[in-house]
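# Fold and geometry: a report
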Amino acid sequence: MSSPATFTPPPGARAYPLRTARGEFAVVDAPVAAGVESRGVVLLVPGFTGSKEDFNPLHVPLAGRGYRTVAVDGRGQFESDGPADDESAYAQRELARDVLAQAAALGEPVHLLGHSLGGQISRAAALLDHAPFRSLTLMASGPARISDSQRERVKLLRDALGVMTMAEVWEAMRALDAPEEAAGAVVDPGGGPDGREDLRRRWLATKPAQLIATGRQLCAEPDRVAELAAVPMPFHVLSGALDDTWPLPLLDGMATRLRARRTVVEGAEHSPNTDRPRETARALADFWDTVDRG
């Protein structure tokens with residue numbers, strides 16, 4: 001599992017609280033590159049244990065293709081507030097309504113991209129109301145629940161969070177030297193000292209109830225592909241060439257059922273956004289360009 005090389009937003013990007021009808025959400029907002037014609041706005045929704053920083057490597061290449069990118073911390077993730085113990089606040093429908101509010105706050109229809117857990121939340125948002133979205137990209141996000149091996153990892157994490165503090169869980173993962181790489185973004189105490197401190201800071205800021213509730217969702221998500229296929233919007237299924245959270249045949253089959261564009265990023269695994277950001281950005285912009293052309 002790869003993590004962002006830095007938690008510092010790229011030059012020109014702005015970190016701020018986005019005000020919505022459902023509260024404030026921390027975002028990194030990167031404008032279109034100077035001298036480049038604007039092609040639209042993209043809302044980026046991170047995965048399990050992740051945050052808006054997981055999309056840092058995509059901002060610059062997408063800005064160069066004419067796309068303003070807004071990466072968001074979901075409710076209870078890193079710098080977006082949420083209750084520490086009330087799991088009901090993190091029901092999938094509530095998180096989907098948050099995405100709809102974020103899109104509305106941006107003021108125009110957006111291209112929606114969800115990574116892993118973020119893909120399932122984005123799917124739920126599109127099923128509630130597809131009008132705010134020009135397209136939906138599911139990145140390393142499958143049709144239903146996660147694989148058996150990843151369900152075991154998520155269950156271990158949920159059990160630990162039931163009896164330990166966030167700090168204690170972090171130290172336990174470091175001591176094991178085998179960090180959880182559950183279905184989404186990064187729980188990785190490795191790397192250099194600066195990167196490790198950023199990851200620790202994100203981990204401690206994320207609300208336990210958010211992890212427990214969304215971890216349960218990942219382990220029980222039903223197959224809603226047929227429902228999504230009935231929604232009149234363009235779809236893109238993008239993944240790395242290896243993924244043990246949703247094996248590639250599942251992603252291939254989902255793309256077929258959705259009549260979606262399918263991209264496999266060579267050299268990437270569950271996080272193409274950090275494993276191969278330039279190749280991933282190119283594939284994303286190519287897809288969005290086709291949506292623009294109708």
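Residues numbered from 1 in each chain as written. Predicted model: local features only at pLDDT ≥ 70, side-chain atom pairs only at ≥ 80, totals over all residues. Heavy atoms only, no water.

### Points about the overall build of the protein chain
In terms of regular secondary structure, the protein chain is built from 11 helices and eight strands. A compact globule built from 294 residues should have a C-alpha radius of gyration of about 19 Å, and the protein chain, at 17 Å, falls within 12% of that. Seen along its three principal axes, the alpha-carbon backbone of the protein chain occupies a region of about 50 × 40 × 40 Å. Looking at the protein chain as a whole, 57% of its 294 residues qualify as buried. Look at the contacts in the protein chain between residues 6 or more apart in sequence, and 77% of them connect residues 24 or more apart. Across the protein chain, the 33 positively charged side chains and the 40 negatively charged ones have centroids separated by 4 Å. (Helix = DSSP H or I, 4+ residues; strand = E, 2+ residues; numbered from the N terminus. Rg over C-alpha atoms; globule rule 2.2 N^0.38 Å. Buried < 20%, exposed > 50% of the residue type's maximum accessible area, 1.4 Å probe, protein only. Contact = heavy atoms within 4.5 Å. Lys, Arg positive; Asp, Glu negative; His and termini not counted. Charge placed at Lys NZ, Arg CZ, Asp CG, Glu CD.)

### Digging into the nonpolar core
Residues Leu-43, Phe-133, Trp-203 and Leu-258 are the most contacted members of the largest nonpolar core, which totals 61 residues. In terms of nonpolar packing, the next biggest core, distinct from the first, is built from 19 residues, Phe-55, Leu-58, Leu-113 and Ala-268 among them. (Core = buried A, V, L, I, M, F, W, Y, C linked by side-chain atoms within 4.5 Å.)

### Describing the sheet that holds strand 2 (residues 23-30)
Taken together, the eight strands give an open sheet; going across it, the order is 1-2-4-3-5-6-7-8, and neighbouring strands pair in mixed fashion. The open sheet is flanked by strand 1 (14-20) and strand 8 (261-265), the only strands paired with a single partner. Direction aside, the axes of adjacent strands within the sheet are offset by 25 degrees on average. Here four bridges tie strand 3 (residues 40-45) to strand 5 (residues 110-115), and the two strands are oriented parallel to one another. (Pairing = 2+ DSSP bridges. Axes fitted to C-alpha atoms, helices over the stretch in contact; angles between N-to-C directions.)

### Structural notes on the packing of aromatic side chains
Evaluated as defined, the whole model comprises three aromatic pairs. Here the aromatic rings of Trp-170 and Trp-203 are separated by 6.5 Å at their centres, their planes lie at 40 degrees, and the arrangement is tilted. Remark: Trp-203 occurs in helix 6 (residues 193-205) and Trp-170 occurs in helix 5 (residues 166-176); sequence separation between them is 33 residues. Each member of the pair, Trp-170 together with Trp-203, is buried. One cation-aromatic arrangement involves Arg-14 over Tyr-16; the distance from NZ or CZ to the ring centre is 4.1 Å. (Phe/Tyr/Trp six-rings, centres within 6.5 Å; stacked < 30°, edge-to-face > 60°. Lys NZ or Arg CZ within 6 Å of the ring centre and 35° of its normal.)

### Brief notes about unusual backbone geometry
A positive phi angle, near 55 degrees, is found at Ser-116, a position not held by glycine. As for its placement among the helices and strands, Ser-116 is situated in the loop between strand 5 and helix 3 (117-128). The class for Ser-116 is buried, based on a relative accessible area of 0%. Positive phi is not limited to glycine here, since Ala-140 has a value of about 50 degrees. With respect to the secondary-structure elements, Ala-140 resides in the loop between strand 6 (133-139) and helix 4 (148-163).

### Some points on the packing of helix 1 (residues 56-64) against helix 11 (residues 277-292)
The interhelical angle for the contact between helix 1 and helix 11, taken along N-to-C directions, is 50 degrees, at an axis separation of 9 Å. As far as their axial angle goes, helix 11 and helix 1 are oblique. Handedness of the helix 1/helix 11 crossing: right-handed. Two secondary-structure elements touch here, helix 1 through Pro-57, Leu-58, Pro-61 and Leu-62 and helix 11 through Pro-277, Arg-278, Thr-280, Ala-281, Leu-284, Ala-285 and Trp-288. Broken down by class, the residue content of the contact of helix 1 with helix 11 amounts to nine nonpolar, one polar and one charged. (Parallel < 35°, antiparallel > 145°, perpendicular 65-115°, else oblique. Left-handed = near helix turned anticlockwise from the far one by under 90°. Nonpolar A, V, L, I, M, F, W, Y, C, P; charged D, E, K, R; others polar.)

Keep in mind these numbers describe shape, not what the thing actually does.
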